Amino acid sequence: MTQVGDDIASTANGKDETTMPVPEDPIIAESIAHFGDHGDRAASIKYDVPLPGSYSFQRIVPLDIPQDFFLEPGRSAGTSLSSLGVVEEEGRIRRIDAARLRVLYDRLLPTAARPSLRMAVEVADKLDPAPPAGGQQVIAGEQKARTAMPALLQRDGVDLQRQLRETYIDGLIKRQERTINAGAPDTTIQIPTAGIGLSARTVDYDVTQAGRPRIALVETWQLSMFLGDYGLGRTLQTFTLLPGERTTITVQTWRTDSVAREDASSIFDSSDTAAQTRFTSSLMAQSGSAFQDQGGWAVSVGTKASASGSIGLVSASASVEGAFSANHQEARQEFSTSVRNSSQEHAAQVNTSRNQAVQSNSKAQSEEGSSQTTVREIANTNLRRVLNFVFRELNQTYETVTSLKNVQVAFFNGNPGSTEIVPLAALRRLLTRYVAPEKRDEVARLILGMAIDCVDHTGTSQRMLQMGIRKGGVYEWDTFAEPDGEGKLKLEGSPLDERYSWRIKPEPIGQEGQAHKVSGVVTARDTIVLRTDNIVAEALLGQADALDTYASALQSLDLRSREADIEWRRAETRRTTEALDLVSQRPEAERVDAFDKILGDKPDIEVVPVAAAGNGKG
């Protein structure tokens, strides 16, 4: 290295005490904030803080119980659609009363449910948020959504949701009228019902199946999310600025376009109903839900679902013959796998829609919708080396936990208002009302046997059904139920005896040593990685020197000149400080004169040479 290079290196490294120190690394403010767990009082940024919410949904498992087991009240419970005047049927639906169908839809769709914008425009003839003078063209599909979204998004949340709900219900009613008026021999109508979270969905209801009594297990499942690692994802853009160059960059995220934003929303990091609707549809498809029973359950539960707002996915009927308990356990594990696969598929679809870009532009472009385009100006202030910028997106990891939280029992027969859902502790009351006396013990042993245990995510069977034994005026919950050789409840005497009560253990089961615990039995643990709309930039200084020896020497001389100026200022400061110390040591009456002598302004005296003495005489 040349002498000039050595001088510059010494100056940059701060080895020379007379030079200005230039730190190479940023100073970490440990007393302000830090990552991890420490014993001091500083704010700690932790990685294991759980998300505040989770999604609960119900899996309905109808039991294949013979019809002669039921009493007459089971067949007459509720009111059929024909008795309500909603439809007229003679082997098929002949006419629909639109006004009464609207009343039924308002009852079946929970008040808090919010149909997504795409669902509303798919069923509507037109969605006209601000009708032009010449009317709005009726369009369909993706183009219709893109046309309606920008204007609708200008409305406030309450007004928007009200219009979406009205449009969705009106569209369903008109669709049913067109189908029936076409004269097709149809026995089904479409019913709106709750989906995951606050979303809505549409199921088919067969009016000819009304009045057929069923008993079903109602399993409450929960999908919980916990924050995991947060780190660098793929590289979006890299570019280089020459020494002294500056440019303007534009950062555009997937939130820019209205339709893209709806497609890119997820249930993991938002409560968007469009994301909840997509996940609901995926879960129904993955779990192979019994679509012929979905409508019957939705109509039967009626306004009871509105109170809970919980989706009910009706599975295929569980056989009560042979190894029914083992088959039920297998079906339960398949459902857990369906939830896991739906989560993975949902995350993959979301990541595909989350497109971001960083471009070097001289001007910004306006976008329709709620734009998240950011324009910034950056510059390379270095005079010797290029500056390389690397832009990378940040990814968030989520740990998803699927768990079976509770088991209840329900009766329904397909008529509106016929559903009755009770906890296991009220099983005696439910069976007394709907099942023949001689069959009640058999049905009770069957139901309780299917709730005894559950296989967790490690393949271990976990006991979860507790038997309460009444002692005095309270039940003691120290005993777990046991199955017999056929998978039914093993118990001396009747399970409906008032001495006994039943419940699912209300706490984490078989989760010892787990960092994230949830209620019930964990049937699946998985990791989801989502792309976020956050971008991090890193500036890398080029390694090659862009200056020749002469230019480097000029920079060195300029640096030395600046350092000499700083040293002169330091000397002046030391002189002034020492002079003030001398003044302060003088008696108070003499300080003014001392200050004037030492630090006072001195007149500029010009020294003129004295002329030779004499007047020029001899």
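Residues numbered from 1 in each chain as written. Predicted model: local features only at pLDDT ≥ 70, side-chain atom pairs only at ≥ 80, totals over all residues. Heavy atoms only, no water.

## Section: the overall build of the chain
A count of helices and strands for the chain gives 15 helices and 21 strands. Taking the intrachain contacts of the chain between residues at least 6 apart in sequence as the baseline, contacts between residues at least 24 apart amount to 78%. (Helix = DSSP H or I, 4+ residues; strand = E, 2+ residues; numbered from the N terminus. Contact = heavy atoms within 4.5 Å.)

## Quick look at the side chain of Gln329
Structurally, the position occupied by Gln329 is in helix α11 (residues 324-353). Accessibility expressed as a relative area gives 10% for Gln329, which makes it buried. Leave out the neighbours within four places in its chain, and Gln329 touches Asp453, Cys454 and Val455. (Buried < 20%, exposed > 50% of the residue type's maximum accessible area, 1.4 Å probe, protein only.)

## Thoughts on the packing of helix α12 (residues 427-434) against helix α13 (residues 440-450)
Packed helices, taken two at a time, are described by the angle between their axes plus the distance between the axes. Put simply, α12 and α13 touch, their axes get as near as 10 Å, and they point 135° apart. In terms of axis orientation, α12 runs oblique to α13. The handedness of the crossing between α12 and α13 comes out as right-handed. Here Leu427, Leu431 and Thr432 of α12 lie close against α13, whose contacting residues are Arg440, Val443, Ala444, Ile447 and Leu448. (Axes fitted to C-alpha atoms, helices over the stretch in contact; angles between N-to-C directions. Parallel < 35°, antiparallel > 145°, perpendicular 65-115°, else oblique. Left-handed = near helix turned anticlockwise from the far one by under 90°.)

## Some details on the pattern of salt bridges
Under the definition given, this model contains 24 salt bridges. For Arg499, the salt bridge is made with Asp497, and the minimal N-O distance between the two is 3.4 Å. A cluster of three or more residues bridged by salt bridges with shared partners is formed by Arg59, Glu219 and Arg332. (Salt bridge = Lys/Arg side-chain N within 4 Å of Asp/Glu carboxyl O.)

## Focus on the packing of helix α14 (residues 549-585) against helix α15 (residues 591-599)
Look at α14 against α15: their axes get within 9 Å of each other, and the N-to-C directions meet at 155°. By the angle class used here, α14 and α15 are roughly antiparallel. Our pair here, α14 against α15, has a crossing hand that is right-handed. Here α14 contributes Arg575, Ala579, Leu580, Leu582, Val583 and Ser584 to the contact with α15, which in turn contributes Arg591, Ala594, Phe595, Ile598 and Leu599.

## So, the environment of Val390
Looking at the element boundaries, Val390 is found in strand β13 (residues 387-412). For the pair Val390 and Ala539, spaced 149 residues apart in sequence, the C-alpha to C-alpha distance is 6.5 Å. In this view, Val390 contacts Thr235, Gln237, Thr238, Val536, Ala537, Glu538 and Leu540; residues no more than four positions away in its chain are not counted.

## Here we look at the packing of aromatic side chains
Overall, the coordinates contain nine aromatic pairs when judged by the stated rule. Considering the side-chain rings of Phe411 and Tyr434, the 3.8 Å spacing of their centres and the 5° angle between planes classify their relative orientation as stacked. Here Phe411 is found in strand β13, whereas its partner Tyr434 is found in helix α12, with 23 residues between them in sequence. Comparing Phe411 with Tyr434, the two get one shared label, buried. Pairwise contacts between aromatic rings join Phe57, Trp221 and Phe335 into one cluster. (Phe/Tyr/Trp six-rings, centres within 6.5 Å; stacked < 30°, edge-to-face > 60°.)

## Section: the confidence of the model for the chain
On average, residues of the chain carry a pLDDT of 77, and 74% of them reach 70 or more. In the model of the chain, helix α1 (residues 3-13) stands out as the element of lowest mean pLDDT, 44, in contrast to α12, which has the highest, 94. Every residue in residues 1-20 scores below 50 in pLDDT, and together they form 23 contacts with partners more than four places removed in sequence or on other chains. A low-confidence stretch, residues 305-309 stays under pLDDT 50, and its non-local contacts, those more than four residues away or across chains, total nine contacts. (pLDDT = per-residue confidence, 0-100.)

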